[in-house]
Structure formats: structure tokens, C-alpha cells
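Here is what each chain is made of, one letter per residue.
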Amino acid sequence: MWRYLVGAAGALLLVVAGLFLFRGSASTETRLPPAPAATVASETEQDLPAEPPSAAAKTREQKRFDRIDKDKNDTITKDEYFALRRKLFAKLDTDRDGKLSFEEWSVKAVERFQGADKDKSGTLTRAEFATTAVKRNAKPRCACAPAKTQAQAPGSPRQEAGDSED
């Protein structure tokens, strides 16, 4: 029987505390700072532009266009357009004969296959194939410090053992 009385008293105490907190927060007024004088506002409004300036984010295509447009005259010439491709072609044309063989063209794929084939069997297992996935440059989600390992955490058994030896 005494448990019911203690429970009822606890419930009543919670209701009273809730009412007290509710009334206490309801009566609090938020006061705003006084408005500036009308003369000061009218003078500064004349100096300010009607619209705040905004920096438009460049699209992916605009950035690509800007990379190719070397002389920055907002037009891409034939030479500017093919300059990048010439560099890529020259990089792939390893025997410098002016022609790309399939092996020269697929050099990255061949290198990736050979790098993934750890046992040099000429075939890829599932585990080896998983390493050939394209790695994207992902942006970090936060700039948090890396988590401490248990050995680095203060009060860890490993650190306490090291402290006792000194």
C-alpha cells in the first residue's frame, strides 16, 4: 500500500514542477533592441545598392569551359580545344609513332589489372576485382579530429601501464 502512496506523491510532485516550469517560461518576455533613428537609416539606405551582390556558383560545364579557354576571351579556338587532347595523345603514344595501338590506348586498364592481380595468375578473384573500383574524391563530411585509439585514450590500461613504469 505504501508503494501506491509514494507513487501518487511522486506523480503529484512532477505535475507541480511541470506547472511551475511552464509558468516560469511563459512569463519571460523577449526584448528587442531599440530601433535606430530614422535619419541614420535613410542616410545608409542611399549608399547601399538595391540588391545585395551575390556570387553565382559556377556549374561543372562553366568550370570545364574556363579550363580549356586559356586566353580567357570567352571563346574556345580549335587549337585551345585540341591542346588538351594532344597532350593526352602524346602521353599515351609511348612509342612516338603518331598512332595509338589498342595496348597503348588501354594502358591504364592494363596497369590497373596488373596491379589488382596480386597472385600474378592472369585472372582476378572477387577480392582482387574489388580493388579495381574507381576511387572518387569524396569531400570529408566534417573537419573533426580523428578518434583516439584505445592506446592513445587517457586512462586506458596500456597508458596506465606505461605511466607506472616511469
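Residues numbered from 1 in each chain as written. Predicted model: local features only at pLDDT ≥ 70, side-chain atom pairs only at ≥ 80, totals over all residues. Heavy atoms only, no water.

Student: I'd like to hear about the confidence of the model for the chain, residue by residue, with values.
Tutor: Confidence in the prediction of the chain, expressed as mean pLDDT, is 75, and 70% of residues score 70 or more. Per-residue pLDDT stays below 50 along residues 159-166; that stretch engages in 5 contacts with residues further than four places along the chain or on separate chains. (pLDDT = per-residue confidence, 0-100. Contact = heavy atoms within 4.5 Å.)

Student: Lay out the environment of Glu80 in plain terms, naming residues and giving numbers.
Tutor: When you line up the elements, Glu80 lands in helix 4 (residues 78-92). Sequence spacing of Glu80 and Asp69 is 11 residues, and the spatial spacing of their C-alpha atoms is 6.5 Å. Residue contacts for Glu80: discarding those within four places in its chain leaves Ile68, Asp69, Lys70, Asp71 and Thr75. (Helix = DSSP H or I, 4+ residues; strand = E, 2+ residues; numbered from the N terminus.)

Student: How would you summarise unusual backbone geometry if you had to cite specific residues and measurements?
Tutor: A positive phi is found at Lys72, a non-glycine position, where the angle reads about 55 degrees. With respect to the helices, strands and loops of the structure, Lys72 is situated in the loop between helix 3 (60-68) and helix 4. For Lys72, a relative accessible area of 56% translates into the label exposed. For Asp74, which is not glycine, the phi torsion reads 65 degrees and is therefore positive. Position of Asp74 relative to the elements: it lies in the loop between helix 3 and helix 4. (Buried < 20%, exposed > 50% of the residue type's maximum accessible area, 1.4 Å probe, protein only.)

Student: Any chance you could break down the packing of aromatic side chains for me, citing the residues and the numbers?
Tutor: Summed over the entire model, instances satisfying the criterion amount to 2 aromatic pairs. A ring pair is formed by Tyr81 and Phe82, whose centres lie 5.1 Å apart and whose planes are at 85 degrees; its orientation type is edge-to-face. Centre to centre, the rings of Phe102 and Trp105 are 5.9 Å apart; their planes meet at 40 degrees, and the pair counts as tilted. Of this pair, Phe102 and Trp105 both sit in helix 5 (residues 102-105), 3 residues apart, roughly one helical turn. Its relative accessible area of 57% is what places Phe102 among the exposed residues. (Phe/Tyr/Trp six-rings, centres within 6.5 Å; stacked < 30°, edge-to-face > 60°.)

Student: An account of the pattern of salt bridges is needed here, citing residue identities and associated values.
Tutor: Considering all chains together, one arrives at 2 salt bridges under this definition. Salt-bridge contacts for Glu61 lead to Arg64; the nearest nitrogen and oxygen are separated by 2.8 Å. Here Glu61 and its partner Arg64 are both found in helix 3, 3 residues apart, which amounts to about one turn of the helix. When its relative accessible area of 36% is taken as the criterion, Arg64 is described as partly exposed. A salt bridge links Arg86 to Asp79; the nearest nitrogen and oxygen atoms lie 4.0 Å apart. (Salt bridge = Lys/Arg side-chain N within 4 Å of Asp/Glu carboxyl O.)

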